[in-house]
Amino acid sequence: MKEKIKALEARVDEALAEVKSGEGLKDFFAKYLGRTGSITALMKEMGNYPKEERPIIGKLINSFRDSVQARFKALEERIAAEELAAKYASEQVDITMPARRTTRGAIHPTNLVRAKLCEVFIGMGFKVYEGREVEDDYHNFTALNTPKDHPARDKQDTFYIAEDVMLRTHTSPGQIHCLETMKPPFKVVMPGRVFRCDDDATHTPMFHQIEGLVIDKNLSLCDLQGLLDTLAKAMFTPETKTRFRPSYFPFTEPSVEVDVSCCECGGVGCRLCKGTGWIEILGGGVVNRRVIENCGLNPDEWSGLAFGAGLDRIAMLKYGINNIHILYDGDQSILRQFRK
């Protein structure tokens, strides 16, 4: 047994000399001090010796094991200290180096317009409703009195997910959801993203709208003009004027296009307004009786006002942007102009 211990001691000396890292320590422990290690195996051989010799042999093995464990622990502490020192050295920061420059972000112009409009509407007692972007045919078209043969239903105009499921083409489906779930009277505004198969200097496949709906008794176009006149003055300048032009929408009757006096020339006439002094910003009207009926309300008792505007278009007019794609190109030189 003395010879075996002596031979094993020589191998231990060589192995300890080769250990340079924490991983090496783990391998050494497993090979010599672990459950299946060489030193532990010596204890299992004691059964091969006479009973009278076993105490002496056990003492030899224990003494050898204690010696190896002491050396192992000392080496473990030294390697841990070296690795910690190396880690600190690698993480040192040169405080004389200039700091990294940080830049402030800016709120996107479309979000600026959205926030301002919501603030104005909330001040007039409106609630903000977040509609869903994936709609069914009923809420997107049918309940809004859109005929089956209407061009908006064609696949070249609408992104269909399934036969009767699509990405909403306008925020107007929110009107139906509100009429179905809210008890009148109420006032609600619905901002959000909408999707159409369209792409040019003034259109993108994804853009933003804001929809307004008022349900009450005895409403008229006079109420709508007063509401939108207040909105235009808050959005542009206190001198801004509004005017209505007859139009057609399936879900309003009568329907109007709403113009505001040009924010560039004040109504005199310029390139932006094409010399007319007016710029179209939204459409609206009195909610069609059939739409109110579709949602289970009595059109003889309740009437409604609805209007919708393109947030991107208002942002373009307000900030003098001549191409809608500028809003989505991510050009930092443009977006940083909107820092507050």
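Structure shown above.
The following paragraphs examine the structure supplied in this document. What you see is a predicted model, and the numbers here were worked out from it, not measured in a lab.

Further remarks concern the packing of aromatic side chains. For any pair of aromatic rings, the description consists of the separation of the ring centres together with the inter-plane angle of the planes. The tally for this structure, following the rule as stated, stands at 6 aromatic pairs. Look at Phe28 and Phe72: their rings are 5.9 Å apart centre to centre, the planes differ by 15 degrees, and that puts the pair in the stacked class. Of this pair, Phe28 sits in helix α2 (residues 22–33) while Phe72 is found in helix α4 (residues 54–90), placing the two residues 44 residues apart along the sequence. The two residues Phe28 and Phe72 agree in class, both being buried. The rings of Phe28, Phe29, Tyr32 and Phe72 are connected pair by pair, giving a single aromatic cluster. Here the basic side chain of Lys217 rests over the ring of Trp302, its NZ or CZ set 5.1 Å away from the ring centre.

What follows deals with the pattern of salt bridges. Tallied over the entire structure, the rule returns 15 salt bridges. Lys26 is the partner of Glu23 in a salt bridge, and the nearest nitrogen-oxygen pair spans 3.7 Å. Taken together, the positions of Glu23 and Lys26, both in helix α2 and 3 residues apart, correspond to about one turn of that helix. The two residues Glu23 and Lys26 agree in class, both being exposed. The closest approach of N and O atoms between Arg289 and Asp300, which form a salt bridge, is 3.0 Å. Here Asp300 lies in the loop between α9 (289–294) and β10 (303–310) and Arg289 lies in helix α9, a separation of 11 residues in the sequence. A residue is classified by how much of its surface remains accessible, and Arg289, at 46% relative accessible area, is partly exposed. Salt bridges linked by common partners bring Arg243, Arg245, Asp259 and Glu280 together as one network.

A word on a nonpolar patch on the surface. A surface patch of nonpolar side chains, amounting to about 230 Å² of accessible area, comprises Val134, Ile161 and Val165. Examined against the element boundaries, Val165 turns out to sit in strand β4 (residues 165–167). By relative accessible area, which is 30% here, Val165 ends up partly exposed.

Before going further, it helps to spend a moment on the environment of Ser333. Along the chain, the position of Ser333 falls in helix α11 (residues 332–335). With a relative accessible area of 38%, Ser333 lands in the partly exposed category. Between the C-alpha atom of Ser333 and that of Asp312, which follows or precedes it by 21 residues, the distance is 19 Å.

The subject of this paragraph is the state of the cysteines. Under the definition given, this model contains 0 disulfides. Free cysteine Cys118: the closest other cysteine sulfur is in Cys178, separated by 13 Å. No disulfide involves Cys295; its nearest neighbouring cysteine sulfur is the one of Cys178, lying 9.8 Å away.

Counting 35 residues, the largest nonpolar core has Leu117, Phe121, Ile210, Leu282 and Phe307 as the members making the most contacts within it. Listed by contribution, the elements that provide at least two residues to this core are α5 (109–123), β6 (206–216), α8 (221–235), β8 (252–261), β9 (278–287), β10 and α10 (311–319). With 6 residues, the top contributor of residues to this core is α8. With near-sequence residues (within four places) excluded, Ile210 lies in contact with Leu117, Cys118, Phe121, Thr171, Val189, Met190, Pro191, Phe307, Gly308, Ala309 and Leu311.

Let us now look at the side chain of Arg168. Within the fold, Arg168 resides in the loop between β4 and α7 (173–181). One buried charged residue, Arg168, remains without a salt bridge, the closest side chain of opposite sign being Glu133 at 4.7 Å. Aside from chain neighbours lying at most four places away, what touches Arg168 is Gly131, Arg132, Glu133, Glu135, Asn140, Pro191, Gly192, Arg193, Val194 and Phe195.

Glancing now at the sheet that holds strand β3 (residues 160–162). As summarised here, the arrangement of the 3 strands in space is β2-β4-β3, forming an open sheet in which the pairing is antiparallel. The open sheet terminates on both sides in strands that have one partner only, identified here as β2 (134–136) and β3. Ignoring which end each strand starts from, the neighbouring axes of this sheet average 35 degrees apart.

Time to look at the pairing of β10. Across the 8 residues of β10, 6 count as buried, placing the element largely inside the fold. By the bridge criterion, 8 bridges tie β6 to β10 in an arrangement that is antiparallel. Across the sheet, residue Asp216 finds its bridge partner in β10, namely Ser303. Taken together, the 5 bridges between β9 and β10 define a ladder with antiparallel strand orientation.

Inspection of the secondary structure puts Asn294 in helix α9. Since its relative accessible area comes to 33%, Asn294 is described here as partly exposed. Once the C-alpha coordinates of Asn294 and Leu144 are considered, the two residues, 150 residues apart in sequence, prove to be 8.4 Å apart. If we ignore the near neighbours within four places in the chain, the residues touching Asn294 are Tyr138, Thr142 and Ala143.

Calculation rules
Residues numbered from 1 in each chain as written. Predicted model: local features only at pLDDT ≥ 70, side-chain atom pairs only at ≥ 80, totals over all residues. Heavy atoms only, no water. Phe/Tyr/Trp six-rings, centres within 6.5 Å; stacked < 30°, edge-to-face > 60°. Helix = DSSP H or I, 4+ residues; strand = E, 2+ residues; numbered from the N terminus. Buried < 20%, exposed > 50% of the residue type's maximum accessible area, 1.4 Å probe, protein only. Lys NZ or Arg CZ within 6 Å of the ring centre and 35° of its normal. Salt bridge = Lys/Arg side-chain N within 4 Å of Asp/Glu carboxyl O. Patch = residues over 30% accessible without salt bridge, like charges linked within 9 Å, V, L, I, M, F, W, Y side chains within 5 Å. Areas by Shrake-Rupley, 256 points an atom, 1.4 Å probe, with all protein chains shown as cover. Disulfide = S-S within 2.5 Å. Core = buried A, V, L, I, M, F, W, Y, C linked by side-chain atoms within 4.5 Å. Contact = heavy atoms within 4.5 Å. Lys, Arg positive; Asp, Glu negative; His and termini not counted. Pairing = 2+ DSSP bridges. Axes fitted to C-alpha atoms, helices over the stretch in contact; angles between N-to-C directions.

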